[in-house]
Amino acid sequence: MPIRSRLSAQDNANAASAVPLAAPIDASVHVLTQGVSSAHPVQRSPSLRIRVKFVVLGLPGVWIALIPVKLFKVYRLFMRPQMARFTRLAFLSREVCNYSFHHTDASTRRLAVLLANHLDGISVDEVLRYCGEVDRIPLLQAIYQAARNQDKVLRNLTDRELRVGRQLLYFCLVRVLKPRLVFEAGTAHGLGSLLLLHALKLNAEEGRVGRLITVDMNPNAGKLLRQLPPDYQALVEFELGHSEVTLAHAPAGIDLFFHDTANIPDHESRHYELLREKLSARGVICTTWGTGGQLAEFSIRQGRRYFEFTNEAHGHWCNDTLGISIPSTTDTLQPLQ
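About the cut-offs
Residues numbered from 1 in each chain as written. Predicted model: local features only at pLDDT ≥ 70, side-chain atom pairs only at ≥ 80, totals over all residues. Heavy atoms only, no water. 1 Å grid on protein atoms, 1.4 Å probe; cavity = no way out; pocket = protein on both sides within 12 Å on 5 of 7 lines; lining within 4 Å. Points joined across faces, edges and corners; volume = space filled by probe spheres on them. Nonpolar A, V, L, I, M, F, W, Y, C, P; charged D, E, K, R; others polar. Phe/Tyr/Trp six-rings, centres within 6.5 Å; stacked < 30°, edge-to-face > 60°. Helix = DSSP H or I, 4+ residues; strand = E, 2+ residues; numbered from the N terminus. Buried < 20%, exposed > 50% of the residue type's maximum accessible area, 1.4 Å probe, protein only. Salt bridge = Lys/Arg side-chain N within 4 Å of Asp/Glu carboxyl O. Axes fitted to C-alpha atoms, helices over the stretch in contact; angles between N-to-C directions. Parallel < 35°, antiparallel > 145°, perpendicular 65-115°, else oblique. Left-handed = near helix turned anticlockwise from the far one by under 90°. Contact = heavy atoms within 4.5 Å. Pairing = 2+ DSSP bridges. Right-handed = clockwise from strand over helix to strand, strands pointing away.

A. Quick look at the layout of surface pockets. Roughly 520 Å³ of volume is contained in the largest pocket. Lining the largest pocket are 26 residues; nearest its centre among them are Asp260, Thr261, Ala262, Thr288 and Trp289. The residue makeup of the lining of the largest pocket, split by class, is ten nonpolar, twelve polar and four charged. Reported here for the second largest pocket is a volume of approximately 250 Å³.

Structure, rendered in structure tokens:
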């Protein structure tokens, strides 16, 4: 439908006479000086400094002479802030791996938007509500502190404050998908397992019962799981052994798989090949080794959808990327009734 003008013919004529015609566009540089009408700008040639600058920039090989300038910009914009965070955490944090951190508000919001966009039947506000549940878990704080107080190694390698770090995605996926069987390859201290168990416990209170199988080949792994209350212990099966062997003997129907073992491509690929027979129709895979890699290639071969989420840590340098692979049709991801 054409847009009709609301001005009368007389109004249009008055407006045309009040506004002067635009001057032809000139390629030269012009400056509007104070007291001079904008309809008649004063045109000036570029300053001598600007002309010399562009003459120099046009010289052959000048980009080589500008390498120090580019390196300084990289240092000032990227390296210096990260080095400041790293130096501070080196003296204030006891962690040497499996870093934990708080998410920025923007990071939490992006996580909610990402899951809501890729998973049907879930809203941004609902995911944000699940994220808020992580901040109100005094029981997990008590379990975490009790485990640290009873183990010197754990006390030397973890900080006093419980921070969920990248496991926030773990927690949200369990709360959103309501899985019946979760498999975690790589227990480490057990922080991820602790968050997964708490999400499963909340699901069970809503009538969606699920359980967790977690495996690690390190005899010292799972120390945070040794102080679990009985209702949490009933939801988890901790296996000491090789994750590939345990996965090969695991029951079929895995709804959610977390890969958090060594960053060895062949080792990771073998997990995914085993999952071809173990995943349920609604099975979701998550890896801590995102940025493409083996899970992206597996998803392409199997016709699955793949996307990534990069954490934005508050006051920490560890902004790692997690990869998520979901079925091609998201209607299978609806929570089980």
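After that view, the rundown keeps rolling.
B. Up close: the packing of aromatic side chains. Going through the model one piece at a time under the given rule, you end up with three aromatic pairs. Ring geometry for Tyr272 against Phe298: centres 5.6 Å apart, planes inclined by 35°, an arrangement best described as tilted. Placement of the pair is Tyr272 in helix 13 (residues 265–278) and Phe298 in helix 14 (residues 293–302), with a sequence separation of 26 residues. On the accessibility criterion, Tyr272 (1% relative accessible area) is buried.

C. Layout of the pattern of salt bridges. Under the definition given, this model contains 18 salt bridges. Between Arg129 and Glu133 there is a salt bridge; the shortest N-O distance is 3.9 Å. Remark: Glu133 and Arg129 occur in helix 6 (residues 124–134); sequence separation between them is four residues, near one turn of the helix. Note that Glu273 and Arg276 form a salt bridge whose closest N and O atoms lie 3.0 Å from each other. Of this pair, Glu273 and Arg276 both sit in helix 13, separated by three residues, roughly a single helical turn. Residue classification places Arg276 among the partly exposed residues on the basis of a relative accessible area of 47%. Connected through salt bridges with shared partners, the residues Arg129, Glu133, Arg175, Lys178 and Glu206 form a single ionic network.

D. Expanded view of the packing of helix 5 (residues 105–118) against helix 6. Axis separation between helix 5 and helix 6 bottoms out at 8 Å; the angle between their running directions is 130°. With respect to each other, helix 5 and helix 6 are oriented oblique. The two elements helix 5 and helix 6 meet at a crossing, and its hand is right-handed. The segment helix 5 lies against helix 6, with Thr108, Arg109, Leu111, Ala112, Val113, Leu115 and Ala116 engaging Val124, Asp125, Val127, Leu128 and Cys131.

E. Main features of the pairing of strand 4 (residues 211–216). The buried count for strand 4 comes to five of six residues, which makes it a mostly enclosed element. Note: strand 3 (residues 181–185) against strand 4, five bridges, orientation parallel. Bridge pairing links Ala185 to Val215 in strand 4. In the classification by handedness, the crossover that spans strand 3, the intervening helix 10 (residues 191–205) and the parallel strand 4 is right-handed. Direction of pairing for strand 4 relative to strand 5 (residues 236–240): parallel, over a ladder of five bridges. By the bridge assignment, Val215 is partnered in strand 5 with Glu239.

F. Seen up close, the environment of Thr104. Within the element layout of this structure, Thr104 appears in the loop between helix 4 (67–92) and helix 5. Assessed through its relative accessible area of 15%, Thr104 is described here as buried. Sequence separation between Thr104 and His314 is 210 residues, and the spatial gap between their C-alpha atoms is 5.1 Å. The contacts of Thr104, once residues within four sequence positions are left out, are Glu312, Ala313 and His314.

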